[in-house]
Amino acid sequence: MTNNRKLYVIPIIHAKSDMGSMASFLEAESLRSLGERVWEQHTGVVEEFWKAIAQFFSSLNEGEAKGLKIYQDGLVADGPEGIKIVREAAKKGSKNYQIIEELIDKGAILIRTEDISVVKEEYAYIIAISKARTPREKERATIRYREAQAVLLQRRDRFIAKQIKETLRVGEKGALFIGAYHNILRLLPEDIEVVQVKDLDNVRKYQKLLTSPLKNQNAFQELDNLGRYLASPIIDRYQNTTATNLVYKKLK
């Protein structure tokens, strides 16, 4: 067993099944801002992205998966309660949680990743936006959320990094499923080897393009190229799988 700790980092791109009661609202907003063609292309990218992630983790045998520490963005519980949350989300169709459920069934260990008070605080801002009755109310709710967002994200990042630092032991491996706009890697100890299953910078670029007006053909082409990357298969050069785009980075 090696002296280092190893952490697979999987950036999350949310599918409709992850949105719960807000799915219809968010889809309508996306269709309005992106247009039907780009939105349909995006939903296809998301589907293929999760297929690639699922195939990567399915390649782990039970011996490799047993003891793998799982850190999931937004997960406020572990043990039986956390597993119940995972199974319910998986049953509703979340590809993210279906992958975690399969890993748990192979012996992976779920770790509480979030401080519930901070998650509830952030969720309240998002709900306020979705329930706004007038454009003016929506604008005010959005401004309030933007003003608080950076601080909330920093608080969440510090808590998640602390959980990883304290629960991932020497010689162990973990898997962090995390939103691309989090900035956790810089907060982790140097002895953790970080393996980006999909490059975080590319995911951030893709999501930024999705939320910006696509003004010219170059922007459409860049979005298409990034989408192809996200949908492509994965290989860990230490495993016997079929294609490559993992990014290995030593911290600091």
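Above this note sits the structure.
Here goes a summary of the coordinates provided.

Scoring rules and cut-offs
Residues numbered from 1 in each chain as written. Predicted model: local features only at pLDDT ≥ 70, side-chain atom pairs only at ≥ 80, totals over all residues. Heavy atoms only, no water. Axes fitted to C-alpha atoms, helices over the stretch in contact; angles between N-to-C directions. Helix = DSSP H or I, 4+ residues; strand = E, 2+ residues; numbered from the N terminus. Parallel < 35°, antiparallel > 145°, perpendicular 65-115°, else oblique. Contact = heavy atoms within 4.5 Å. Nonpolar A, V, L, I, M, F, W, Y, C, P; charged D, E, K, R; others polar. Expected span 1.5 Å × (residues − 1). Buried < 20%, exposed > 50% of the residue type's maximum accessible area, 1.4 Å probe, protein only. Arc of directions from axis to C-beta. Pairing = 2+ DSSP bridges. Salt bridge = Lys/Arg side-chain N within 4 Å of Asp/Glu carboxyl O. Polar contact = N/O pair within 3.5 Å; in protein donor to acceptor, adjacent residues only side chain to side chain.

Comments concerning the packing of helix α2 (residues 36-58) against helix α9 (residues 217-231)
Here comes step 1: Put simply, α2 and α9 touch, their axes get as near as 8 Å, and they point 25 degrees apart. Looking at the two axes, α2 sits roughly parallel to α9. Contacts between α2 and α9 pair Arg37, Val38, Gln41, Val45, Glu48, Phe49 and Ala52 from the former with Phe220, Leu223, Asp224, Gly227, Leu230 and Ala231 from the latter.
Here comes step 2: Taken together, the residues of the contact of α2 with α9 break down into 8 nonpolar, 2 polar and 3 charged.

Some thoughts on α9
Here comes step 1: Helix length check: α9 (15 residues) gives 21 Å between terminal C-alpha atoms against 21 Å at 1.5 Å per residue, within 8%.
Here comes step 2: Every buried residue belonging to α9 is among Ala219, Leu223, Leu226, Gly227, Tyr229 and Leu230, and all of these are buried. Projection of α9 onto a plane perpendicular to its axis shows the buried side chains occupying an angular sector of 160 degrees, all on one side. Exposed residues on α9 whose side chains face more than 90 degrees from its buried face are Gln217, Asn218 and Arg228.

Some thoughts on the pairing of strand β4 (residues 173-179)
Here comes step 1: Most of β4 sits out of view: 6 of its 7 residues are buried.
Here comes step 2: As paired strands, strand β1 (residues 5-12) and β4 are joined by 7 bridges and run parallel to one another. For proline 11, the partnering residue across the bridge sits in β4 and is isoleucine 178.
Here comes step 3: Relative to β4, strand β2 (residues 69-72) runs parallel, the two sharing 4 bridges. Paired with lysine 69 across the strands is glycine 174, a residue of β4.

Quick look at the pattern of salt bridges
Here comes step 1: Under the definition given, this model contains 15 salt bridges.
Here comes step 2: A salt bridge links aspartate 73 to arginine 156; its shortest N-O distance comes to 2.5 Å. On the criterion of sequence distance, the pair formed by aspartate 73 in the loop between β2 and α4 (79-91) and arginine 156 in helix α7 (residues 135-167) is long-range, its members being 83 residues apart. Accessibility classification places aspartate 73 together with arginine 156 in one group, the buried group.
Here comes step 3: Its salt-bridge partner being arginine 87, residue glutamate 101 comes within 3.0 Å of it at the nearest N-O pair. With glutamate 101 in helix α5 (residues 95-105) and arginine 87 in helix α4, this residue pair connects regions lying 14 residues apart in the sequence.
Here comes step 4: Using a relative accessible area of 21% as the deciding quantity, one classes glutamate 101 as partly exposed.

A look at the side chain of threonine 167
Here comes step 1: Summarising the element assignment, threonine 167 is placed in helix α7.
Here comes step 2: Within polar-contact distance, the side chain of threonine 167 engages the side chain of tyrosine 71 at 2.7 Å.
Here comes step 3: Polar side-chain contacts of threonine 167 include one of 2.6 Å to the backbone oxygen of glutamine 163.
Here comes step 4: If sequence neighbours within four positions are ignored, threonine 167 has contacts with Lys69, Tyr71, Ile111 and Glu172.

The analysis is restricted to geometry; functional conclusions fall outside its scope.
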